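Results of the structural survey
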Amino acid sequence: MAAIISSEGHNLQRERGEAYINMDWDKIGYDVISTDQMFIMKSSKDGTFTEGMLIPFGPIEINPNSSVLNYGQGLFEGMKAYRKKDGGIQTFRPQENAMRMQMGAERLLLVAPSVEQYVYAIKQVVLANERWIPPYGKGSLYIRPLLFGSGPVMGISPSPETTFLIYTNPIGNKYKGHAGEINLLIENSVPRAFPGGTGGIKNISNYSPVLHVTKEAKAKGFTDVLFLDAVEHKYIEEVSSCNVFILKGNVISTPPATGTILPGVTRKSIIHIALDLGYEVEERRVLVEEIIEADEVFCTGTAVGISPVKSITYQDKRVEFKIGDETTSMKLFRMIRGIQSGDLEDKNGWTAEID
Ligand SMILES: *Cc1c(COP(=O)(O)O)cnc(C)c1O
């Protein structure tokens, strides 16, 4: 079944007869675009979620005393819905994101939706914004679930109410920060996460403490910052919003997700795919010296996909790596993106059809 998709990108008609939103899909980037509906669900007094609903996308009312505004009691997630060649829609491993949100909720004392509630809500919100899902090959619908303490607190105590909210935003294929080649700066003085902290969960406050170093690096022409461990400052951890891998010979290595690294769904899937393809994969601490000796370096994340790194600069020394179509990173990228977009067979049951 072929979807009816015009190359001009205007007034596209799908097989079901529903219109795409009227916009130039060839120009879609990584900007804020408000869609039609958002999903919202508030925990009840007994500390469970019962019923959520779709409401028009827009500002929400929030108590100034809420724990999220005062103390940052909140989590986020990031997923994508893809339009397949036949016009169908699918998401990638939504249960993984649901479980990660539960882990974070446990850490921050928030009420977590069950995996079933989470996956159902994702489905509802994607369908409600169906006309915003870019046509096959033009991009994806980014899905942003939030979980936060919306109830009033005065002293330091967990919120009496948790809100689960999901909104969507269509995006293009190229991640804004990584639209071209990736040049990373190794940051020595400011760690992203520390042992016992919240680097292993998608805490809403993980990004703001490192905004200043990423901003400075970008001003110097780097794409992003590669952070080191907070204790010895000699092991690589991850880039501000994506995990990092190195390739040396037939061995792919990535730092272990033991609390200071965000356990990415893309990271987990790439480890699986690389093993299937016959690579040796090691989850272990990786020294800065090793990354400098690597054949290839690449980043993984829902937003970036798999991005080959062109150069890394450490203490004023710049090292370059292999990039381009022939690299292992691009091979892995084609595999995972093929599965995510429905072009390649999904042998692992990772994709979830939405209809
Ligand atoms: C979300 C995120 C990632 C990537 O996780 P995916 O599940 O692959 O999208 C990596 N690092 C950080 C810090 C993140 O917040």
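Small disclaimer: the values here were computed from a predicted structure and weren't measured.

About the thresholds
- Residues numbered from 1 in each chain as written.
- Predicted model: local features only at pLDDT ≥ 70, side-chain atom pairs only at ≥ 80, totals over all residues.
- Heavy atoms only, no water.
- Salt bridge = Lys/Arg side-chain N within 4 Å of Asp/Glu carboxyl O.
- Helix = DSSP H or I, 4+ residues; strand = E, 2+ residues; numbered from the N terminus.
- Buried < 20%, exposed > 50% of the residue type's maximum accessible area, 1.4 Å probe, protein only.
- Axes fitted to C-alpha atoms, helices over the stretch in contact; angles between N-to-C directions.
- Parallel < 35°, antiparallel > 145°, perpendicular 65-115°, else oblique.
- Left-handed = near helix turned anticlockwise from the far one by under 90°.
- Contact = heavy atoms within 4.5 Å.
- Nonpolar A, V, L, I, M, F, W, Y, C, P; charged D, E, K, R; others polar.
- Domains from an automatic or database assignment.
- Buried area = accessible area lost by both parts, 1.4 Å probe.
- Disulfide = S-S within 2.5 Å.
- Polar contact = N/O pair within 3.5 Å; in protein donor to acceptor, adjacent residues only side chain to side chain.
- Core = buried A, V, L, I, M, F, W, Y, C linked by side-chain atoms within 4.5 Å.

This part is about the pattern of salt bridges. Applying the stated criterion to the full structure yields 17 salt bridges. Here K248 makes a salt bridge to D295, at a shortest N to O gap of 4.0 Å. Placement of the pair is K248 in strand β11 (residues 242–248) and D295 in the loop between α6 (288–293) and β14 (296–301), with a sequence separation of 47 residues. Classification of K248 as partly exposed rests on a relative accessible area of 44%. Take D295: its relative accessible area is 33%, and that puts it in the partly exposed class. Members of the salt-bridge network, linked through shared partners, are E181, K310, R318 and E320.

Before going further, it helps to spend a moment on the packing of helix α2 (residues 94–108) against helix α3 (residues 115–128). Helices that pack against each other are described as a pair by the angle of their axes relative to one another and the distance between those axes. In the contact formed by α2 and α3, the axes pass within 9 Å of each other and the chain directions differ by 125 degrees. The angle between α2 and α3 falls in the class oblique. Two packed elements cross with a definite hand, and for α2 against α3 that hand is right-handed. When α2 is examined against α3, the residues P94, Q95, N97, A98, M99, M101 and Q102 are found in contact with a partner set consisting of V115, Y118 and V119. Considering only residue class, the contact of α2 with α3 consists of seven nonpolar, three polar and no charged.

Let us look at the domain arrangement of the chain. You'll often see interface size given as the accessible area lost when the parts meet. Taken domain by domain, the chain consists of domain 1 (2–173) and domain 2 (178–341). On a C-alpha basis, the centres of domain 1 and domain 2 stand 26 Å from each other. Listed by partner, the interface residues are 24 residues for domain 1 and 22 residues for domain 2. In total, about 2,100 Å² of surface goes out of reach between domain 1 and domain 2, with carbon and sulfur atoms giving 60% of it.

Attention now goes to the state of the cysteines. Applying the stated criterion across every chain, the model contains zero disulfides. A disulfide-free cysteine, C299 has its sulfur positioned 4.1 Å from the sulfur of C242, the nearest such atom. Overall, the relative accessible area of 0% leaves C299 in the buried class.

This part covers the side chain of E238. Within the element layout of this structure, E238 appears in strand β10 (residues 236–239). Owing to a relative accessible area of 2%, E238 belongs among the buried residues under this scheme. Among the polar contacts listed, one links the side chain of E238 to the side chain of N243, at a separation of 3.3 Å. Reaching out from E238, the side chain makes a polar contact with the backbone nitrogen of L262 at a distance of 2.9 Å. Sequence-distant contacts of E238, that is, excluding residues within four places in its chain, are made with R192, V225, L226, F227, N243, V244, T260, I261 and L262.

Another point: unusual backbone geometry. With the exception of glycine, most residues fall at negative phi, and the peptide bonds are largely trans. Positive phi, normally seen in glycine, also occurs at L109, with a value near 60 degrees. Note on placement: L109 falls in the loop between α2 and α3. Judged by relative accessible area, L109 falls into the exposed class, the value being 56%. Residue D316 is not a glycine yet carries a positive backbone phi of 70 degrees. With respect to the element layout, D316 can be found in the loop between β15 (305–314) and β16 (317–320). Note on D316: relative accessible area 82%, which makes it exposed.

On to the nonpolar core, then. For soluble globular proteins, nonpolar side chains are generally found buried alongside one another. Residues L75, V126, L147, F164 and I166 are the most contacted members of the largest nonpolar core, which totals 34 residues. Counting residues in hydrophobic clusters, the runner-up holds 23 residues, among them L228, V239, A294 and C299.

This brings us to the environment of I246. Relative to the elements of secondary structure, I246 occurs in strand β11. Those residues within four positions of I246 in sequence are excluded, and the remaining contacts are I236, V251, I252, S253, V286, E290, I291, A294, E296 and V297.

So, on to the packing of helix α5 (residues 265–276) against helix α7 (residues 328–340). Axis separation between α5 and α7 bottoms out at 10 Å; the angle between their running directions is 115 degrees. Taken as axis vectors, α5 and α7 run roughly perpendicular relative to one another. With respect to the hand of their crossing, α5 and α7 are arranged in right-handed fashion. Only L332, M335, I336 and I339 of α7 make contact with α5, whose side of the interface consists of T266, S269, I270, I273 and A274. Tallied by class, the residues present in the contact of α5 with α7 amount to seven nonpolar, two polar and no charged.

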